[in-house]
Structures are given as C-alpha cells and as structure tokens.
Amino acid sequence: VSTLQGGPRTLLSYGDNQPQSVLSFPDMAYEALIRFDVPAGSVAPSRLWYRPAAAGTLQITFYESSGLDGPGKPLWETQREVSEAAAGPAPSGRWMTEVLNTSDIKGQSTLWVGFRKLGGGPSLWCSDKDAGHYYMRSSDPARHVSLVPVRRAPLVQLEFEPAH
C-alpha cells in the first residue's frame, strides 16, 4: 500500500517489475490476459499502468471473471496508440497509464485485463519471474488456443483507491 496525493492507494503487480523480456503478439487474434484479485474492503480500480516495449495500437479490455474463473463478459475497453516515444528499451522506456473513471469495472472481486494488437507491432515488457497470473489465448477458431498459462509477468499494474 502506498500513499499518493489524494489519499491511500493500493498498487497490484506481479513478477519483480524488472523488464527482462518482451511479449509480442503473433497476430491480431492473440490476447494477453492478466488476472487481478481485487483487494478486500471498499476499493475501486482507478488507474492501469503498463510498460510498452514497441509502438503500435493496442486494445485494452477489462473482463469480469466467469463461473469457471476465466475471463468472462467484457466490462470496459479502450484503444490506445503507443508512440515510439512512449515505447523503448528497458532502461529508458516509460509507463503508460489509463485512468479508469468508469463504474463498469467497480464491485468485482476478480478482474481480468486483456491486451490485443490492433495495428503495428506493439509489445509489452515482461518480468521473467513466474507470477502465475498471466495467460494467452487466441480468438482464431482454427488454432484451438483457449486459455494457456505463461511463465512470465507483463509489466502491468492495477491501482486501487478507496471507493466513494
């Protein structure tokens, strides 16, 4: 838990937050998914942080958890252009943020966050430490890739603030 301007905040992340490898998307059918267990108490997601390694267009989607503990119904999504200036090598790359001022994702005990390539060659920095909360899937029915665990952690963080 950290205290930032505006009061106490909780920042969830997996791995060791060290950019060690790059997650790229083979094509537009693949989606990287991170599972976040929402902290107990009266909190609401307020900001998503992610560390791009290469430029391109990303679709970011928040999902509720399904009855089988996988990504369920989409709750919120946005498209984001990652510029060359925002992406870059590990020492100089920047964190991008999405302000989550939507009630659509509040009140969930588990949230799934998905990243999908929409154009260009976007990629995300990853920690090589296995965190157990990262998965890939493909929406291409010819591939038969549903939800596959991956042994590294994208540098993605979810910030929570006290619910109002």
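So, here's what we can say about the structure. (Residues numbered from 1 in each chain as written. Predicted model: local features only at pLDDT ≥ 70, side-chain atom pairs only at ≥ 80, totals over all residues. Heavy atoms only, no water.)

Looking at where S46 falls in the secondary structure, it is placed in strand β5 (residues 43-50). Contacts of S46, omitting those with residues within four sequence positions, involve R9, E98, V99, L100, E159, F160 and E161. (Helix = DSSP H or I, 4+ residues; strand = E, 2+ residues; numbered from the N terminus. Contact = heavy atoms within 4.5 Å.)

Two measures describe an aromatic ring pair: the distance that separates the ring centres and the angle between the ring planes. Tallied over the full model, the rule gives three aromatic pairs. Between F62 and W76 the ring centres are 5.7 Å apart and the planes differ by 65°, which places this aromatic pair in the edge-to-face class. Of this pair, F62 sits in strand β6 (residues 52-65) while W76 sits in strand β7 (residues 71-82), and the two are 14 residues apart along the sequence. The exposure class assigned to F62 is buried, which follows from its relative accessible area of 0%. (Phe/Tyr/Trp six-rings, centres within 6.5 Å; stacked < 30°, edge-to-face > 60°. Buried < 20%, exposed > 50% of the residue type's maximum accessible area, 1.4 Å probe, protein only.)

Now for the environment of G67. Within the element layout of this structure, G67 appears in the loop between β6 and β7. Assessed through its relative accessible area of 86%, G67 is described here as exposed.

Attention shifts here to the pairing of β7. As paired strands, β6 and β7 are joined by nine bridges and run antiparallel to one another. Bridging from a neighbouring strand, Y63 pairs with P74 of β7. Between β6 and β7, which follow one another and run antiparallel, lie five residues, and D69 among them has a positive phi close to 60°. (Pairing = 2+ DSSP bridges.)

Within the structure shown, the criterion is met by six salt bridges. Here R137 ties to E31 by a salt bridge, and the two come within 3.0 Å at their closest N and O atoms. Residue R137 is located in strand β10 (residues 134-138), and its partner E31 is located in strand β4 (residues 30-37); the two are separated by 106 residues in the primary sequence. Across the pair E159 and R47 runs a salt bridge whose closest N-O atoms are separated by 3.6 Å. Of the two residues, E159 sits in strand β13 (residues 156-162) while R47 sits in strand β5, which places them 112 residues apart along the sequence. Classification of E159 as buried rests on a relative accessible area of 2%. Judged by relative accessible area, R47 falls into the partly exposed class, the value being 25%. (Salt bridge = Lys/Arg side-chain N within 4 Å of Asp/Glu carboxyl O.)

Function cannot be inferred from these measures alone, as they are strictly geometric.
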